Amino acid sequence: MWKYLGHRYAAQHKIKRIKHSLKHNDEKTASLKWAKDLIQKNQHRPATVTECNDVTLPQKCIKQWATESNQLNCAVVFKRGLRYLTTQDLAGDYYEYAVPVIEEQIFKAGVRLATWIDSIAEKQRAKAAFVAQGSGSYEL
């Protein structure tokens, strides 16, 4: 999809309105600027999720998140039809409409990943504490 936004591989350039050049393409600068902007926009929001953070049920979470993404694809990406997507310049109205949805999904993905990493780390800490408190050797 990004190639139709007018910049083949430069979504973060387009979103942050940074000039893009195939000759000199500073991806790290554009990505960092976009990340900082997303952090600032979302700093008032909770940095954890409760919707699906049980690391023992990954298929449940994956299905839930995939269903959400599929619904967004239907509601946003394919709203005007595949022909529109493949024949029109998506840098105008479509782009302006899609960017907030994209940024929301990136925020959710970051929070979900952080929550899962925290959950996995907590399970490992709990196992380590159990081994340390017990007598003898236990296999983890």
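The following refers to the structure shown.

Cut-off values and rules
Residues numbered from 1 in each chain as written. Predicted model: local features only at pLDDT ≥ 70, side-chain atom pairs only at ≥ 80, totals over all residues. Heavy atoms only, no water. Helix = DSSP H or I, 4+ residues; strand = E, 2+ residues; numbered from the N terminus. Buried < 20%, exposed > 50% of the residue type's maximum accessible area, 1.4 Å probe, protein only. Contact = heavy atoms within 4.5 Å. Areas by Shrake-Rupley, 256 points an atom, 1.4 Å probe, with all protein chains shown as cover. Core = buried A, V, L, I, M, F, W, Y, C linked by side-chain atoms within 4.5 Å. Phe/Tyr/Trp six-rings, centres within 6.5 Å; stacked < 30°, edge-to-face > 60°. Expected span 1.5 Å × (residues − 1). Arc of directions from axis to C-beta.

## Considering the overall build of the chain
Stage number 1. The secondary structure content of the chain amounts to 5 helices and 0 strands.
Stage number 2. Of the regular secondary structure in the chain, the N- to C-terminal order runs α-α-α-α-α.
Stage number 3. Burial analysis of the chain (140 residues in total) assigns 25% to the buried set.
Stage number 4. Long-range contacts, defined here as pairs at least 24 residues apart, represent 54% of the contacts in the chain between residues at least 6 apart.
Stage number 5. On the chain, roughly 10200 Å² of surface is accessible, and the fraction owed to carbon and sulfur atoms is 58%.

## Things to note about the nonpolar core
Stage number 1. In terms of nonpolar packing, the biggest core is built from 9 residues, these being Trp34, Leu38, Val76, Val77, Leu85, Leu90, Tyr94, Ala98 and Ile102.
Stage number 2. Put simply, the parts of the chain that give this core at least two residues each are helix H2 (27-42), helix H3 (58-77) and helix H5 (93-133).
Stage number 3. The dominant element in this core, judged by the number of residues it contributes, is H5, at 3 residues.
Stage number 4. By size, the runner-up hydrophobic cluster in this structure holds 5 residues, among which are Cys52, Val55, Trp65 and Trp116.

## Re the packing of aromatic side chains
Stage number 1. By the definition in use, this model includes 1 aromatic pair.
Stage number 2. Ring geometry for Trp65 and Trp116: centres 6.3 Å apart, planes at 70 degrees, overall edge-to-face. You can see Trp65 sitting in helix H3 and its partner Trp116 sitting in helix H5, a full 51 residues away along the chain.
Stage number 3. Residue classification places Trp116 among the buried residues on the basis of a relative accessible area of 16%.

## Here we look at H2
Stage number 1. Taking 1.5 Å per residue, 16 residues should reach 22 Å; H2 reaches 22 Å between its end C-alpha atoms and fits that length.
Stage number 2. Burial in H2 covers these residues: Ala30, Trp34, Leu38 and Asn42. Taken around the axis of H2, the buried residues stretch over an arc of 85 degrees, which confines them to a single face. Opposite the buried face of H2, by more than 90 degrees, sit the exposed residues Lys28, Lys36, Ile39 and Gln40.

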